[in-house]
Structure formats: C-alpha cells, structure tokens
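# Report on the structure
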Protein chains: 4
Amino acid sequence: MSEIKKIAVLTSGGDAPGMNSAVRAVVFSANNLGIEVVGVLRGYEGLIDWETVPLGLDDVRNINNQGGTILFTSRSERFLDQKYRHIAAENLRAHDVDAVVAIGGDGTLRGAIKFKDEGVDIVCIPGTIDRDVACSEYTLGFDTAANTAMEAIDKIRDSSVSHGRCSVVEVMGRKRGYIALWAGMATSADAIVLPEKWDGNFDYIINALRKRHTDGRNSYLVVVAEGVTDAGKLADLIQKETGIESRVSVLGYIQRGGQPTAKDRMYGSLMGAYAIEILRQGRGNRIVAIKNDILVDYDIAEAIGLHNNNLDSFQYQLSLMLAE
Amino acid sequence: MSEIKKIAVLTSGGDAPGMNSAVRAVVFSANNLGIEVVGVLRGYEGLIDWETVPLGLDDVRNINNQGGTILFTSRSERFLDQKYRHIAAENLRAHDVDAVVAIGGDGTLRGAIKFKDEGVDIVCIPGTIDRDVACSEYTLGFDTAANTAMEAIDKIRDSSVSHGRCSVVEVMGRKRGYIALWAGMATSADAIVLPEKWDGNFDYIINALRKRHTDGRNSYLVVVAEGVTDAGKLADLIQKETGIESRVSVLGYIQRGGQPTAKDRMYGSLMGAYAIEILRQGRGNRIVAIKNDILVDYDIAEAIGLHNNNLDSFQYQLSLMLAE
Amino acid sequence: MSEIKKIAVLTSGGDAPGMNSAVRAVVFSANNLGIEVVGVLRGYEGLIDWETVPLGLDDVRNINNQGGTILFTSRSERFLDQKYRHIAAENLRAHDVDAVVAIGGDGTLRGAIKFKDEGVDIVCIPGTIDRDVACSEYTLGFDTAANTAMEAIDKIRDSSVSHGRCSVVEVMGRKRGYIALWAGMATSADAIVLPEKWDGNFDYIINALRKRHTDGRNSYLVVVAEGVTDAGKLADLIQKETGIESRVSVLGYIQRGGQPTAKDRMYGSLMGAYAIEILRQGRGNRIVAIKNDILVDYDIAEAIGLHNNNLDSFQYQLSLMLAE
Amino acid sequence: MSEIKKIAVLTSGGDAPGMNSAVRAVVFSANNLGIEVVGVLRGYEGLIDWETVPLGLDDVRNINNQGGTILFTSRSERFLDQKYRHIAAENLRAHDVDAVVAIGGDGTLRGAIKFKDEGVDIVCIPGTIDRDVACSEYTLGFDTAANTAMEAIDKIRDSSVSHGRCSVVEVMGRKRGYIALWAGMATSADAIVLPEKWDGNFDYIINALRKRHTDGRNSYLVVVAEGVTDAGKLADLIQKETGIESRVSVLGYIQRGGQPTAKDRMYGSLMGAYAIEILRQGRGNRIVAIKNDILVDYDIAEAIGLHNNNLDSFQYQLSLMLAE
C-alpha cells in the first residue's frame, strides 16, 4: 500500500453509541497526518451511490456525546452483489480514495472481506451493541446498551415490587447473551435466559420461581435475550405454572440510542485512532480488536473464521449463584 | 368528625412516582399534630386482611427519591364486594383508626365513595401516571412518566434517524392522551395519536408522512397512546402505504417506575400535607386536587360525577402545528 | 402595528433549558402565518452588530432536546447605552424586521422596555432558571435546573450518608430561593437557607442539627441558595459548633445546562407560540407570562413595576415541617 | 488457614459506587459455601468498637443499584495505632470470625498489611473512584465516577457554548489523572491537566487556547484533576492572558455518589465472589486485582510495594491529538 492521502469512513449495520467517537478520532488522526477524509453516508449504500460529505475537524469536533451515527447507516442488500461492489470500488478510485474505514458489526465485516477482491484497502472497527464480533472482547455500543437496559429494568422493578409481580424483560443481543447477562446481573435478576445456554427447557426457571414464591418472596425478575424464546409466552407460562402475576416488557430500540457512556466514547476514540495507525503503517484488510483489554488487530479473513459462542465462564457461574 | 388520634395511609391501583413523597408528608404532618400513623400494605387488600406497619418519621425520612410505593399496591377485587368493605371498616374500628388517606387513581376513588357507607372518613390523593382523575389538573406520577417516555423516545429517535426509518412508539395513559401529548411534543413527533381525538381514520397520518417523504425528510416519529389502536399494525400500515421502513416500540412498564422528578416529589409532599390539613379541619370524604395550580379539595361523590375528556385546546392545536 | 411580515428572535442573559423549544415554536408559528424569521446571535449584541441567521423549519426541527441556546446569548453592556440601541433599531429597519421576540430574564426585560423608545415592537418570553421574573409564576429552565440540582444532591447524599457527614450544598437562583426550596424539599434536606427568609442568623440551623445529632441521626443535608451566605463558611461553622464533620459542594454551572425536561420543552413551545399569537393580534411591548398555570401577557412596563419577594407560603411552611 | 465458618466484611476509605455489589456477592458466595457473614459498620472503626450487623441474603438482595455503601465507611485514625488493631483482632476472635474482606483504596490496603501482624486473615478488594491502587487496572467506582463527571461536563458545556466562554472544570482523582483523562476525552476537552504529566507550566494551555481563539472558536473546555493546581486561579489566568471569559466549576462530591453503572455492579459482583474463592482455597493476605481485564490476586505486601505513576501512553498521546 503506497502512501495514503485520502480515506473514506462509513458506519454500517445497526447503529451503536460510540460510532461517532470513532468517526471523530478517524478524522482527527487522519488530519494529524495530513490525510483528507470523506464521510460516506448510509454505509455501503453510500459507497455505491457515492453519497458523501467532506469531513474536517469542525464537522466532528463536538459529536462525542451524540447517539446514533452522524453518517447514517444501513444494511446494504446491493453490496452483497459483486456488480455493486465493483461500482463502489470504481467510485473510490474515481475520487482518489486510498482506503476505507468501516465501522460496524458482523455484516460489515462480511462485506469488507468480499470488497478486498475489488482491490480496496479496508480497516474495520467493531461497532455493534451485541458484542458478537468473535475476534474482539469489546464492540462499540455494548456498554451504553447494557447501561440503558439496566436503567430500564431498574425502573420496571420499581413497579414490579410495588405490585408483587414477576417481570419478564426481553433485551437485545441477537445471538449473544452479553446484554442479558450484564443487565440481568446488575439488576439482581432471579433468572437470566441466554442463547448460549438455552436448552429449550423452562423447568429450572419455573422451579426456581416456585421455590422463592414458597419462601415468601414478593417480586421476581426474569431477563431474556431476544431470539431465545417468546418473552410474552414465558410470562404466561410463569403465571400459569406458579400463580405469580407476570408481565412482559420488550425494551426494544431504546437500547440502540442515547448519549454514549464514557467507555464507548473512550474506546471509540481509541479504535478510530488505531485504525488510522494501521493504515499509516501501510497495512490493510485488518480489523481493530480488543484482546485482554489491549488494542490489537486481525486479518479480516482470519477474524471471520473465528467463532465464539462461549460466555465468560466465571461470569456465567456467578450469575447463577447470585440469582439465588 | 371528632378529634383524630390515629390514621391509616395506603396506596392503591397502578403505582406512580411521587406516592412515596405523599406518604412521607402524611407521616410528617400527622406526627406534627400528634397523630399516629399506620401504613396499610397492598392498598384496600391490606385493609381487609389488616396487613399493616407502624409508620414513624424514621420509616419515611429518606423515601422521596424512591420509585414505586413502599406500601405496595393492588387493584382489589374483593373491595368491590360490600362484605369485604365491612370487614375492612371493622378492622379500622378495632384498631382505633379514625380516618384513612388513600393515594391512587380513579379506581381508588370509586372504592372510597363506597367505603363512606361503612362510616369511614377518607381523604383521597390523586396518584396515577395517567392524569385521568377528572377533578384535578394534576395527578402524582404524570411528570415522571412524561419525562421517562420523552427520554426513551429521544433514544429511539437516535436509531430512527441513523437508519432513516419511521418509529411508531406506544406510550401509556389508559383513556387519556396526556403522556402521548407531552412526550410527543417534547420529542418533535410528526404525528401524535390521542384517544380524545381519535376517529378511526389513519389517512391524515399517512398523508402527512407521505408528503414529508416527498419533501425529502429522512426520519419520522409517530407517538400513539395505548388503547387507541394497535401500534404494530399502524407501523405495518405506514410501511405499506408510504414505503417508509417502520418499526414499533412499546414503552411499557418503564413509564411507571424510576426516581420521581422534582415536581412529583414536591406535589406529593404538598398533597400529603394538605390531606392531613383537611382531616385536622374535621372534614372527610374529600379528594385533594389541583385547580389553576392551587391546592383545593372536592367532595368525593362530586369528584366522581365530574367527567373530562377534553385536552387543553391550545396545547392540542399547537401539537398539530409544531408537527409540520 | 401594521401587518407583520418579518420578525427577529433572540435569547439573552443567562442561558436556560427550554429556550430552544421557544425558538422552535416561534419559527413554526411564524411560518404558519407566512412570517419570515431571522435569528439574532448573542442576544442584544447581535442586534447591534447585526449578526444573524435565517431560521426556517429545517433549522429548528429537532432542537427540542438540546440544552443551552442555539442562538447563543450574552449580557450586553452596550445595549444599556442609547447610542447602541439606536444602531440596533436602525439595523432592524434596514432589514425590514417588523418586531422582535426576546427570550430571557430580568435584564432582558429591562433592555426591552428601553428599546420601545426606539419604536421597536417587542414581545418578551421569560427564560431563566432563577424563576425571578415577578409577573410570571414560571420561567423557562426552572424545572430542568431544579431537577438537575435535585439529582446532584441525591448523589451527594449517598456519600454523605456513607460517611455520616453533613453536606452543605449551594445551588443557584440569584435573589430567589425557588431552586433551593424545590431541590431541598425533594432531597429531604434538614435545612434550606432561602434569601427571602434569611435574617443573618444561623442559630436555628445549628440548633436543629445539634438536636438531631443528639437524637442519633447519622447524616445531614443543608441546601443554601447562592448569595445568601458563604456555603463554605457555613460548613465550617456547623462543624465547629456541632462537631459534625461537614463538607461543602457548590453545584455551579451544571444547573444551567443539560437536555430540557418535558415541562421546559412543553412550556417553551407554548410560550413561543403565544408570543407569535400576540404579534398576530397586532399587539407589542408585551411579556408572555404564566398566571394560575394559564398563558397570559402583560405590558412590559407594568411587568417591570411588579415586585415579588414572596415564596409560596404553604410550600415554605411545609419545607420547615418536613425537615423535622 | 483452617476451614472458614464465619467472615466479616467491611468498606473503608472514600465511598465508591459498586461497593454494595461487592458486599452482595461476598454474602451470596459465602452463603453458598455455608459461611456466615457479619457486616462491620464504618470500616476499621467498626472493628475496633465491634459495631456489626448480621448479613443474610435478604439483607443484600436488592442493593446493586444503591450508591454509597450500606455498611458505611470511615478513614480510621485509631487503626493506625497498634493498640486499636489489637482490640479489633481480639473482637474478631471473640466472635469466632475467621477472616475479613475489606473493600477500599490505598489506605485500606495499608491498614490491612499491618493487621496481618495480629494474625488476622484478610482479603482486600480495590474500591475507590480514583483508580489509584497500583496492582489493579481497575478499582470499583471509577466507571461510575467517570460517567458522572462526563455527564456534568456535558451540561456545563451547554452553558459554555451558549455564552462563548471557557469552562475550567476540576474533577476528582487524588494523585491520579484517570477521571480527568476519561471525562476530558469523552467531552472533547481542549486541554486536560493531569498530575502524572504536570510540570508547573501553563504556557501550553494558554498558547493552545490563544491559537484557537484566533482561529475563531467560540467556546473552550479545560479539565483539571484535583490537586494539580487551583482551578479558579487557572480560570483567572486564562481570562487574563487570552481575553476569553472564563469560569470555574468544581464538581466535588457528586462524583462519589449515584447509582452504579453496569460495569461497577458487574465488577463489584465479580470481585466479591473472587474474594470468597480466595478464602475458600485457604489463602489470605491477598488483594483481588484486575490484570489484562482478568481477575487475579496479589500478596498485600507485594501490592503495596508496587508503584504506578504511568498513564496509558496511547490514551495520553491520543488525548493530546484529539484536543486539537
């Protein structure tokens, strides 16, 4: 990779708090090296249609505290088609863009690996509230989402305790249970239903609640990761089997938005700057990652090959014990 | 009503932030007059089963910032039956309780009026997030609920803007649209669907969104009061008719809980103290209310006879104009 | 006043949450009547230097949730000088501006009354966290500031309770004690020091704390309005006289900022729209106000002549009783 | 160390959010092993005076979301004296307590090492917002404090921008700059003054602000760690040297309190459980620590011998670059 004079930055997939801090750090770091930055709108879609804005320091100076992404985002169907990836690559060459920084989750990574065939140098930054990028311990947005879910459940619990009810709360996370695990442990949940541990059997939850009901407890909390099971049906089942009045809450899109936490602003800044450092070193087709709380990077193909369906074992065991 | 030496206080119906401040003020005000206070648990249910706790200053000193109600609450089916109301009245007499302060919404009031026949002196305080007690401009919990809904919609909007979507958000309020009106106006909603104005016709919403879509707007927000229509179906209809990607969020129980706002703590304190002042004056069968932002009180029978299905007209007209 | 075709809007004095909602409603309401709006930057300073921006719907669509003021603000020394007011008036005439909407506090009002002599039609909106505009029960920003102060004191109390200390917290309010009264009552303060009631005598505070210390209480909270006394010296005095370890916190500028509460967004919207309604009716030299929770308006000269150094009497008496 | 049947847990030094989660996990983990737990009040003071409470599951079930410490805390002068440590040790033996879990910062650790001479088995958990325990990358409370400081500065910035001022904000951290570094980077500070990098020379700050003033910037933010310099004097110096209106805010005790973040609840839970695991393995005189984001433990004497006055170098360099 020859010397870089101009880069493009985009955000793709589900929006995640902290993406803006990463964009900001990309712009500041590039500017520091004399590299020009163009912002691509709506993820890979904007590459295909060449919807872009120039990004200078003044455009990103105070965006750390903004939720969502100032560059907008999308899940691009067209980018799965080689024809459109070729158009996108031609657009980049036509505008003298030397490399792309793409901030997003798993889908973003899968787009990036295919884009390599078009001869485009790309560096990815893991940004998704779901914490489901296997190569990285952390993905931007998780901390904000976990805190938002926790604060919502704290509120739900107030009502649950006042009425002596069981609250069944569904949180996001796609195929991973980290938001459920963190938000559930932080709110002293009686049971946390995680996709990584789910065997289709509700008996242990019913039995646990029944026992606590017998012990005289007067409120209950079950946190369920989305996609594991229907939270409404679980609430009905609990009510039917235990006699405890049960209500369901689906937290939904509030978990995506909101002003980012300090961690998401800090790690967004770190990852954005590190992406530019990788490009400065003349390397491409890499993804920034966190390993042992340190910034590292992987080849994108290698990163995609990794699979990780394990929860932290100590955290998981602890979650069972603390639910007693 | 002879001199009062001992009173009972209870919270009933849906829990609402600010109920604890009202309980605190009842206890402090009563204590100041040398009146003993007993807290009844789980609303009218606790009167029937005589589940009570003594309430001294130390029991309520620092509860202003707690969500929910420390006395727990319920919707009592049994209290609708004269037989159980008689048991409740006998319990009060057996424990030398001279009067009851009941904090709750419409259902609480309807219980109170019937309880009068048992010879029990009762003063009600309007406490419900729905702001649906006709005699009072304000009911405890509304301000906290409106702010919670607003903050949640602020977050949802971040994601909605990032993706260029339409968000359809359902908020609470039972038969009244105040939470929807306040939260919708505060978040710059494109349309607010209110029970008081609902004629079963979605055309004006569809047309408004279609026009804005044509004008090049890239995100949309519709706030719907619960019970008016199915928010999920509305989202589907919008997507089908306008082509705008639409998603639904049902805020649910987060709107009931959470630390009360300054207004709910202040008005809870004022209403609690005013209830004791009414009893000190030897009056009973009254409900505390706010009229022109001033504390007043009504005969309970008169209060129940009032009906109010009007929204503030200036606020409503403004909501239409500000949605342009 | 002939028909209005173009108006200017500005914010002046201390910034207050809710000013942006008022600006937004001014622009939407004017637009609805076909009136053009120009935004004047930095208050009266921008009138003198003619620093302005055009304000269309798109410029203000989503500013309800932004703290501070998008038009910036200042306390203009020059505007006190007739020479500069004349320049400002000439600027307005040169740009065909028919009337001005000025959002601010007492100083803004005093500027407005003098500006009348230059033949400029002006309508004021009370915007200041201090709630110190005598003609209006409410001023934009108070609710947000009271909640911010309350939430900060809730946090300080956590530390105070953990250490068994006395916290002395200074809040804003200039010459009025409303922020102190609301934030103090909402946080169960042991004493609230208010400018309206201050007689220079600390004895009652010292005696109250000493008595509670003897009673075995293990933490204490005193809320002081700025300008009454030095909060640091009061903390020292408490420690010296009672032996209770005491610490001071000055909340400062956090009370001015932050996303506005639902009330400040709603009342900002209402007041902004009402200001345009006044102009539509061909009236000028008025100030929008809240009386008995209803929108009204006063002649500016009359409003300035009003004085109000009374706190709500019931609220004040209650604050003493609830501190027991 | 023979089999453990009864332990004591205490919190000591400055209170920190997350201490309650650690206490909760200690109680749940001990209960799981059949170990009895006694809570010692007010840190080492309570050991000397044997002020204790029994701690069962019901006593700690829902304390995760409470700020401060339910066990109260103190900085014990007496515990520095061997005579009182001996009394404390005798108290423990008299009540058949086999080991102590002490949650606190540097001072707590220094007490613990001396206590070893009395033959008491102790395990420490690093709990302090200052992140100044050399052996551990993380200390409980830091994340909450960094977020609280960040949110307060976000608010201050609203006012600062509206007035075109420079805000100088002092944050906590004792001798470490981590709160300043995180809160400053997260709020896009123009300069961050850190004890680790402080050379007594303000020139670089003055020059940087002067340059930005010339460039036409209209607001400025300087974040200063406590103890480095007088923030008020720095504000005066900035105003004098650059002509920019400058105001100081000292955040103070709000940084200690508040409901803990998800991280502090999670890491409090992890550290509390890990402390019991250490005792279960028959080991004592250890401190729980985080290294590479993993739970580890050190001998207390070794931990005290460690010194760490280095900030993360990449974070620090980035903070300079992002302030441009």
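Predicted model, so just to flag it, every value in this text is computed and none were measured. (Residues numbered from 1 in each chain as written. Chains lettered and ligands numbered in written order. Predicted model: local features only at pLDDT ≥ 70, side-chain atom pairs only at ≥ 80, totals over all residues. Heavy atoms only, no water.)

### Re the relation of the copies chain C and chain B
Using the following cut-off: We place the copies in one frame by least squares, fitting the C-alpha atoms of every residue whose pLDDT is at least 70 in both. We call two residues in contact whenever any of their non-hydrogen atoms come within 4.5 Å of each other.
Overlaying chain C on chain B yields an RMSD of 0.0 Å, the required transformation being a rotation through 180 degrees with an accompanying axial translation of 0.0 Å. Such a turn and shift between the copies fits a two-fold axis. Looking at the rotation axis and the C-alpha trace of chain C, the residue lying nearest is asparagine 292 of chain C, at 2.3 Å. When the interface residues of chain C are mapped onto chain B, 100% of them again lie at the interface, so the same face is used by both copies.

### Describing the UniProt feature "domain: Phosphofructokinase" (unreviewed entry) in chain A
Quick note on the threshold: UniProt positions are given in the numbering used here, feature names are shortened, and annotations may be inferred rather than shown by experiment. Here a helix means four or more residues in a row that DSSP labels H or I, a strand means two or more in a row labelled E, and each is numbered from the N terminus.
UniProt marks residues 6-279 of chain A with the feature "domain: Phosphofructokinase" (unreviewed entry), using the numbering shown here. Taken end to end, residues 6-279 of chain A is 44% helix and 17% strand, and its two terminal C-alpha atoms sit 11 Å from one another.

### Some words on the packing of aromatic side chains
Any aromatic ring pair is given by two values, namely how distant the centres are and how the planes are angled relative to each other. To keep things clear, this is the line we draw: The aromatic pairing rule takes the rings of Phe, Tyr and Trp, using the six-membered ring of Trp, and pairs them if the centres are within 6.5 Å, calling planes under 30 degrees apart stacked, those over 60 edge-to-face and the rest tilted. Put simply, a charge is over a ring when the Lys NZ or the Arg CZ is close to the ring centre, within 6 Å, and near the line of the ring normal, within 35 degrees.
For the coordinates displayed, the defined rule picks out 36 aromatic pairs over all chains. Ring geometry for tryptophan 198 of chain D versus phenylalanine 202 of chain D: centroids 4.8 Å apart, planes at 50 degrees, classification tilted. Grouped by ring-pair contacts, the aromatic residues Tyr138, Phe142, Tyr178, Trp182 and Tyr267 of chain A together with Tyr138, Phe142, Tyr178, Trp182 and Tyr267 of chain D constitute a single cluster. Just above the ring of tyrosine 84 of chain A sits the side chain of arginine 78 of chain A; from NZ or CZ to the centre is 5.1 Å.

### Quick notes on the side chain of glutamate 118 of chain A
All names here are of chain A. Counted only if it meets this: For every residue, the accessible area (1.4 Å probe, protein chains only) is compared with the maximum for its type, and the residue is labelled buried under 20%, exposed over 50%, or partly exposed between those bounds. Only four residue types enter the charge count, namely Lys and Arg as positive and Asp and Glu as negative; His and the chain termini do not. Each salt bridge in this description consists of a side-chain nitrogen of Lys or Arg and a carboxyl oxygen of Asp or Glu lying within 4 Å of one another. Here a polar contact is taken to be a pair of N or O atoms separated by no more than 3.5 Å, where protein atoms must pair a possible hydrogen donor with a possible acceptor and residues adjacent in sequence count only if both atoms sit in side chains.
Mapped onto the elements, glutamate 118 comes out in the loop between α5 (106-115) and β5 (121-126). Arginine 93 is the oppositely charged side chain nearest to the buried, salt-bridge-free glutamate 118, at an N-O distance of 4.5 Å. A polar atom in the side chain of glutamate 118 sits 2.7 Å from the side chain of glutamine 82. Discounting chain neighbours no more than four positions away, the residues touching glutamate 118 are Gln82, Arg85, His86, Ala89 and Arg93.

### Concerning the domain arrangement of chain A
Residues and elements named next belong to chain A. Formally: Domain start and stop points were drawn from an automatic or database domain assignment. Two parts lose some accessible area (1.4 Å probe) when they are put together, and adding that loss for both gives the buried area.
Domain assignment breaks chain A into domain 1 (6-141 + 260-305) and domain 2 (145-256). For domain 1 versus domain 2, the distance between C-alpha centres works out to 35 Å. Facing the 11 residues of domain 1 at the interface are 11 residues of domain 2. Interface area, domain 1 with domain 2, both sides summed: about 1,000 Å², of which 46% is carbon and sulfur. Among the residues domain 1 hides against domain 2, the three largest losses belong to Ile129, Asp130 and Arg131. Together they make up 56% of the total. Here domain 1 is connected to domain 2 by two salt bridges. For aspartate 132, the salt bridge identified is with arginine 174, shortest N-O distance 3.6 Å.

### Notes on the confidence of the model for chain A
Heads up, the condition is: Think of pLDDT as the predictor's per-residue confidence, scored from 0 to 100.
Of the residues in chain A, 99% reach a pLDDT of 70 or more, and the chain-wide mean stands at 95. Across the predicted assembly, pTM comes out at 0.97 and ipTM at 0.96.

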